[in-house]
Each structure stands twice: as C-alpha cells, then as structure tokens.
Amino acid sequence: MTAAETGERDAIRAAVDRLLDGTPLRSTGELTIVQLAAEAGIKRWLLTHKHRDLAEQFQARVRLLAQDPPPVAALKKKISELEEDNTRLKAADAERQTLTEFYAHIVNELSTELDRITAERDELLGNVHSISLAPSRRAPN
C-alpha cells in the first residue's frame, strides 16, 4: 500500500469517526457515502471503487446505529418541542378568543342596558329642574 493510499484511508477513518460523532468539518453531517467522501476530502469514486471495504464498514456502522447523528437528533427533538409548544399556544389562543367574544357580548349587553336606563332617567327627569338656592336666599334683582 502506498503512502497516498494510507493517507486516504486515514482521512476516511477520521471522517467516519467525525460523522458518527456528529462533528462534521466539511460535510452536512448526513450519514451517506457522498458526505463521507466530502468529509474525508476525497472523490466519491475512491470510496466506491478503491476503498470499498471502508465504505462498507461505514455503512454497517450506520445501520447498527439505526438512528440519526447527534445534530440531526437534536434538531428533531427541537422540532418536536416546537410542535408541542405550537399546539399548546393554539389551544390557549382559542380559549382567549372564546373569552374575548364572551366579554364583548357582555360589554355590548351592559352598554345597551346603560343606554336604556339613561334614556329612562332622562325621560323621568326631563321636567325636573334643579334649584340652586332657596327663594329666600336668592340675591335681589
């Protein structure tokens, strides 16, 4: 094995470790052969033709994990939390909307009742005038 091949294999092994640890430097972090090649800084055909054994070992380790790499798992967890928060906020908003409509109805009824009572009062007091001072206390004209 040449020094170049040894260097490629070392780069591939290091890339495998970084991808499986969820700490990619040069790739998206997806657990694919294409991203492994990008992470190792080599052409994809080197993995599929020249270093097929390392590619197969990588794929076997990925299958054993049967899960997402840590960054993807963290993002999926965050998405799940945000979806739960969104559901909770939608329920709270619906409750507030119901209460707002109820309060608006009550305010409308109270306003209508106040207008009715004010009109009755004005009708009853229409002929009543206030007397500011008794006749004996009024200033002479």
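Participant: Help me understand a nonpolar patch on the surface in this model?
Facilitator: A cluster of nonpolar side chains, namely Leu99, Phe102, Tyr103, Ile106 and Leu110, defines an oily patch on the protein surface of about 490 Å² accessible area. Structurally, the position occupied by Leu99 is in helix H5 (residues 70–124). You can call Leu99 partly exposed: its relative accessible area is 37%.

Participant: So what exactly am I meant to see when it comes to the pattern of salt bridges here?
Facilitator: When charged atoms on two side chains of opposite charge get close, those side chains can pair. Under the definition given, this model contains eleven salt bridges. Between Lys50 and Glu5 there is a salt bridge, and its shortest N-O distance comes to 3.8 Å. Placement of Lys50 in helix H3 (residues 44–50) and of Glu5 in helix H1 (residues 3–21) is noted, with a sequence separation of 45 residues between them. Using a relative accessible area of 38% as the deciding quantity, one classes Lys50 as partly exposed. Residue Asp53 pairs with Arg9 through a salt bridge whose shortest N-O separation is 2.6 Å. On the criterion of sequence distance, the pair formed by Asp53 in helix H4 (residues 52–65) and Arg9 in helix H1 is long-range, its members being 44 residues apart.

What counts and how
- Residues numbered from 1 in each chain as written.
- Predicted model: local features only at pLDDT ≥ 70, side-chain atom pairs only at ≥ 80, totals over all residues.
- Heavy atoms only, no water.
- Patch = residues over 30% accessible without salt bridge, like charges linked within 9 Å, V, L, I, M, F, W, Y side chains within 5 Å.
- Areas by Shrake-Rupley, 256 points an atom, 1.4 Å probe, with all protein chains shown as cover.
- Salt bridge = Lys/Arg side-chain N within 4 Å of Asp/Glu carboxyl O.
- Helix = DSSP H or I, 4+ residues; strand = E, 2+ residues; numbered from the N terminus.
- Buried < 20%, exposed > 50% of the residue type's maximum accessible area, 1.4 Å probe, protein only.

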